[in-house]
Amino acid sequence: MKTITKTEKETIDFGKKLAKTLKGGDVLLFYGELGAGKTAMTKGIAEGLGIKNKITSPTFALMNVYKNTSIQMVSRERKKNPPKTNSPLTKIKKFVHIDTYRLKDEGELIEIGVEDYLGAPDTVCVVEWPEKLSELLKNKKIKKIKIEHQDNGRVIIV
Ligand SMILES: Nc1ncnc2c1ncn2[C@@H]1O[C@H](COP(=O)(O)OP(=O)(O)OP(=O)(O)O)[C@@H](O)[C@H]1O
Ligand SMILES: [Mg+2]
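Below, the discussion takes up the coordination of the magnesium ion (ligand 2). Those protein atoms acting as donors to the magnesium ion (ligand 2) are Thr-39 (OG1) and Glu-128 (OE), and they sit at 2.1 to 2.2 Å. Highlighted residues: Thr-39 in helix α2 (residues 38–48) and Glu-128 in strand β5 (residues 123–128), separated in sequence by 89 residues. For Glu-128, a relative accessible area of 3% gives the class buried.

Right under this line is the structure:
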């Protein structure tokens, strides 16, 4: 499926909608050149999952881990408004943003504990520049998304 976005906000909104279709354990791979909008889309995913923190690119940190604080709000409202069993908010407790741009090899990510998160049933991961990963992605629930420049906007291919 192809979607065209004309502005950064439209890309963020696309990410927000996409977030609603995700399940714990999903690993999203964002392909696209420098400045394509991978981080913009990541911001939308995080917002859609209920992450309140500001998302900044982990280009040097390699990996940022966010906890889903809206889980508490859901449970406070639980009596009045019980969450659907399949509601992503009941299952997704962590959101992990990985950027391999400055990565030497997969070993560097393993050293900082990436395996605790990749594919974990309560966690959604986004990977920018996933071309550098192979072993780590084996047997994971992968969703590939490509973002390309087109005129003044972007084409998102899911
Ligand atoms: N339709 C659009 N969608 C997303 N970003 C857009 C769009 N149009 C213009 N932009 C601009 O493109 C840039 C996208 O930056 P972003 O950091 O998201 O890219 P990236 O793919 O993560 O790059 P990098 O590989 O450097 O991490 C922003 O400056 C944003 O304002
Ligand atoms: Mg980026």
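Moving on: the layout of surface pockets. The gaps left among the atoms become clear once a water-sized probe is rolled over them. Considering only enclosed or pocket space, the largest pocket measures out at about 280 Å³ in volume. Going through the elements one at a time, α1 (8–19), α2 and β7 (153–157) are the ones with two or more residues in the lining of the largest pocket. Here the lining of the largest pocket gets 3 residues from one element, more than from any other, and that element is α2.

As a further point, take the environment of Lys-23. Along the polypeptide, Lys-23 turns up in the loop between α1 and β2 (26–31). Here the alpha-carbon distance between Lys-23 and Pro-121, two residues 98 residues apart in the chain, equals 8.1 Å. What Lys-23 contacts, discounting residues up to four positions off in sequence, is Ile-92, Val-124 and Lys-141.

To continue, consider the site of ligand 1. Around ligand 1 lies a shell of 16 residues, among which Thr-11, Gly-35, Lys-38, Thr-39 and Arg-154 are the nearest. Contact between ligand 1 and Thr-11: a nitrogen atom at 2.5 Å from a side-chain N or O atom of the residue. Contact between ligand 1 and Gly-35: an oxygen atom at 2.9 Å from a main-chain N or O atom of the residue. If ligand 1 stood free it would expose 640 Å²; the protein chains cover 72% of that surface. One can see that ligand 1 is located within the largest pocket. Mapped onto the shell around ligand 1, the elements with two or more residues apiece are α1 and α2. When grouped by side-chain class, the residues that make up the shell around ligand 1 number 4 nonpolar, 6 polar and 6 charged.

Of all 6 residues making up β5, 6 are buried, and the element is well covered by its neighbours. Here β5 shows a buried face lined by Thr-123, Cys-125 and Val-127 and a second buried face lined by Val-124, Val-126 and Glu-128. The pairing of β2 with β5 spans 4 bridges and is parallel. Looking at β5, one finds that Val-27 is bridged to Cys-125. Relative to β5, strand β4 (residues 94–99) is paired through 6 bridges, and the arrangement is parallel. Bridge pairing in β5 places Asp-99 opposite Glu-128.

Definitions and cut-offs
Residue numbering note: each chain is counted from 1, following its sequence as written. As a convention, the first chain written is A and the first ligand written is 1, with the rest following in written order. Totals for whole chains, interfaces and linings use all residues, but because this is a predicted model, local features are given only for residues with pLDDT of at least 70 and pairs of side-chain atoms are given and counted only at 80 or more. Heavy atoms throughout the structure, all of them, feed into the side-chain values; hydrogens and water do not. Only N, O and S atoms count as donors, using a 2.8 Å limit from the metal and a wider 3.2 Å limit for Na, K and Ca, and since water is excluded some coordination spheres may look unfilled. Secondary structure counts use DSSP, requiring at least four H or I residues in a row for a helix and at least two E residues in a row for a strand, with both numbered from the N terminus. The buried label goes to any residue with under 20% of its type's maximum accessible area, the exposed label to any with over 50%, and the partly exposed label to all in between, with areas taken from a 1.4 Å probe on protein chains only. Every definition here rests on a 1 Å grid over the protein atoms only: cavities are sets of points where a 1.4 Å probe fits but cannot get out, pockets are open sets enclosed by protein on both sides within 12 Å along at least five of seven lines, and lining residues have some atom within 4 Å of a point. Grid points are joined across faces, edges and corners, and a volume is the space filled by probe spheres set on the points. By definition, residues are in contact when any of their heavy atoms lie within 4.5 Å. Only heavy atoms are used to decide nearness, and a residue is near a molecule or strand if one of them lies within 4 Å of it. The definition of a polar contact used here is a pair of N or O atoms within 3.5 Å, where within protein one atom must be able to donate a hydrogen and the other to accept one, and adjacent residues in sequence count solely through side-chain atom pairs. For the area figures, the Shrake-Rupley method with a 1.4 Å probe applies, and any residue is considered shielded solely by the protein chains shown. Each molecule is checked against the cavity or pocket grid, and it sits inside if more than half of its atoms lie within 2 Å of the grid points. Note that Gly is not counted as nonpolar here; it falls among the polar residues with everything else outside the nonpolar set of Ala, Val, Leu, Ile, Met, Phe, Trp, Tyr, Cys and Pro and the charged set of Asp, Glu, Lys and Arg. Here, a strand pair is defined by DSSP locating no fewer than two bridges between the strands.

Nothing here speaks to function; it is geometry throughout.
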